[in-house]
Amino acid sequence: MKTFFLISALASALAAAPALADGRFPNGLTPIDQARLARFETSRQAAIGIARSGGDAGDVAVLDQVLQGEATAQPPAALAGDWRCRLIKLGGILPLTLYGDFRCRITDDAAGLRIQKVSGSQRLAGTLFDTGSARLGYAGAGVAGAGQPPRYGAEQESNQVGYLVPLGPQRLRLEMPAPARESDFDILELRR
């Protein structure tokens, strides 16, 4: 009888636990995207250098605020919900571009933890993966203009990869190296 209650309690706890996507990150990514992640820190530092040296002083001050904070582990269920978000593009066409606020959403369902930018002319959608650290792996896709982003892997030029950096229950950063268009590094800042 004790065994039944123990198994039942364990099953209930697992069913109630928020889920990150199944699969191995980054092994399940395309070779191109694995290479992007292998150069993540180098790409990030180079793009930040370009933004700081060539961006407008006010925009650089905003970027420096966005970059503050270290990854802190957050339970996946705490990440779910609606967020205000803004896209920041570093390097590429311009040294630094800041967009206004849009709407983003993180959902936790049978498919795992997913993130979407649901308003604006540049949208994204993807899945978050456990990396064994406070930050989560991201594999998704982006689209410019009308329409919904394709699923990761459907079109290499739309693929996005990176890391979601939880900075606390009210603030996150999605950092994406080597996007296909316009910039060298993208940061999507999320705030409640």
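Residues numbered from 1 in each chain as written. Predicted model: local features only at pLDDT ≥ 70, side-chain atom pairs only at ≥ 80, totals over all residues. Heavy atoms only, no water.

Focus on the pattern of salt bridges
Then, in step 1: Under the counting rule described, the total for this entry stands at 13 salt bridges.
Then, in step 2: A salt bridge links Arg36 to Asp33, with the nearest nitrogen and oxygen atoms 3.3 Å apart. On the criterion of helical spacing, the pair formed by Arg36 and Asp33 is a turn pair, its members being 3 residues apart in helix α2 (residues 31-38). With respect to burial, Arg36 and Asp33 carry one shared label: buried.
Then, in step 3: Residues participating in the shared-partner salt-bridge network are Arg84, Arg86, Asp101, Arg171, Glu189 and Arg191. (Salt bridge = Lys/Arg side-chain N within 4 Å of Asp/Glu carboxyl O. Helix = DSSP H or I, 4+ residues; strand = E, 2+ residues; numbered from the N terminus. Buried < 20%, exposed > 50% of the residue type's maximum accessible area, 1.4 Å probe, protein only.)

Focus on the packing of helix α3 (residues 40-54) against helix α4 (residues 57-67)
Two quantities define a packed helix pair, namely the angle between the helix axes and the distance between the axes.
Then, in step 1: For the pair α3 and α4, the least separation of the axes is 10 Å and the interaxial angle reads 150 degrees. On the basis of the axis angle, α3 is roughly antiparallel to α4. As for how α3 packs across α4, the hand of that crossing is left-handed. Residue-level inspection shows Arg44, Ile48, Ala51 and Arg52 of α3 in contact with α4, the latter providing Val60, Leu63, Asp64 and Leu67.
Then, in step 2: When grouped by side-chain class, the residues that make up the contact of α3 with α4 number 5 nonpolar, no polar and 3 charged. (Axes fitted to C-alpha atoms, helices over the stretch in contact; angles between N-to-C directions. Parallel < 35°, antiparallel > 145°, perpendicular 65-115°, else oblique. Left-handed = near helix turned anticlockwise from the far one by under 90°. Contact = heavy atoms within 4.5 Å. Nonpolar A, V, L, I, M, F, W, Y, C, P; charged D, E, K, R; others polar.)

A look at the layout of surface pockets
Then, in step 1: Counted as a void, the largest pocket has a volume near 290 Å³.
Then, in step 2: For the lining of the largest pocket, the secondary-structure elements that each account for two or more residues are β1 (81-90), β5 (122-130), β6 (136-144), β7 (159-168) and β8 (171-177).
Then, in step 3: Here the residues of the lining of the largest pocket sort into 9 nonpolar, 5 polar and 8 charged. (1 Å grid on protein atoms, 1.4 Å probe; cavity = no way out; pocket = protein on both sides within 12 Å on 5 of 7 lines; lining within 4 Å. Points joined across faces, edges and corners; volume = space filled by probe spheres on them.)

Looking at α4
Then, in step 1: Listed as buried for α4 are Val60, Val62, Leu63, Val66 and Leu67. Across the axial projection of α4, the buried residues extend over an arc of 160 degrees, all falling on one side. Residues of α4 that are exposed and point over 90 degrees away from its buried face: Ala57 and Gln65.
Then, in step 2: Lining the buried residues of α4 we find α3, β1, β2 (96-98), β8 and β9 (185-191).
Then, in step 3: Once α4 finishes, Gly69 follows within two positions and takes phi at roughly 105 degrees, a positive value. (Arc of directions from axis to C-beta.)

A closer look at the nonpolar core
Then, in step 1: Grouped together as the largest cluster of nonpolar side chains are 21 residues, with contacts concentrated most on Phe25, Leu37, Leu63, Ile88, Leu90, Leu96 and Ile187.
Then, in step 2: Those elements giving two or more residues to this core turn out to be α3, α4, β1, β7 and β9.
Then, in step 3: A per-element tally of this core places α4 first, with 5 residues.
Then, in step 4: Apart from residues lying up to four places away in sequence, Leu63 is in contact with Ala51, Ile88, Leu90, Leu96 and Ile187.
Then, in step 5: Residues Cys104, Leu172, Leu174 and Met176 belong to the second largest nonpolar core, which totals 18 residues. (Core = buried A, V, L, I, M, F, W, Y, C linked by side-chain atoms within 4.5 Å.)

Quick word on the state of the cysteines
Then, in step 1: Tallied over the full model, the rule gives 1 disulfide.
Then, in step 2: Between the sulfur of Cys85 and that of Cys104 lies a disulfide, 2.1 Å long from S to S. Linking Cys85 and Cys104, the disulfide has an S-S dihedral of approximately 80 degrees and is accordingly described as right-handed. One end of the pair, Cys85, is in strand β1; the other, Cys104, is in strand β3 (residues 102-109), and 19 residues separate them in sequence.
Then, in step 3: Classification of Cys104 as buried rests on a relative accessible area of 1%. (Disulfide = S-S within 2.5 Å.)

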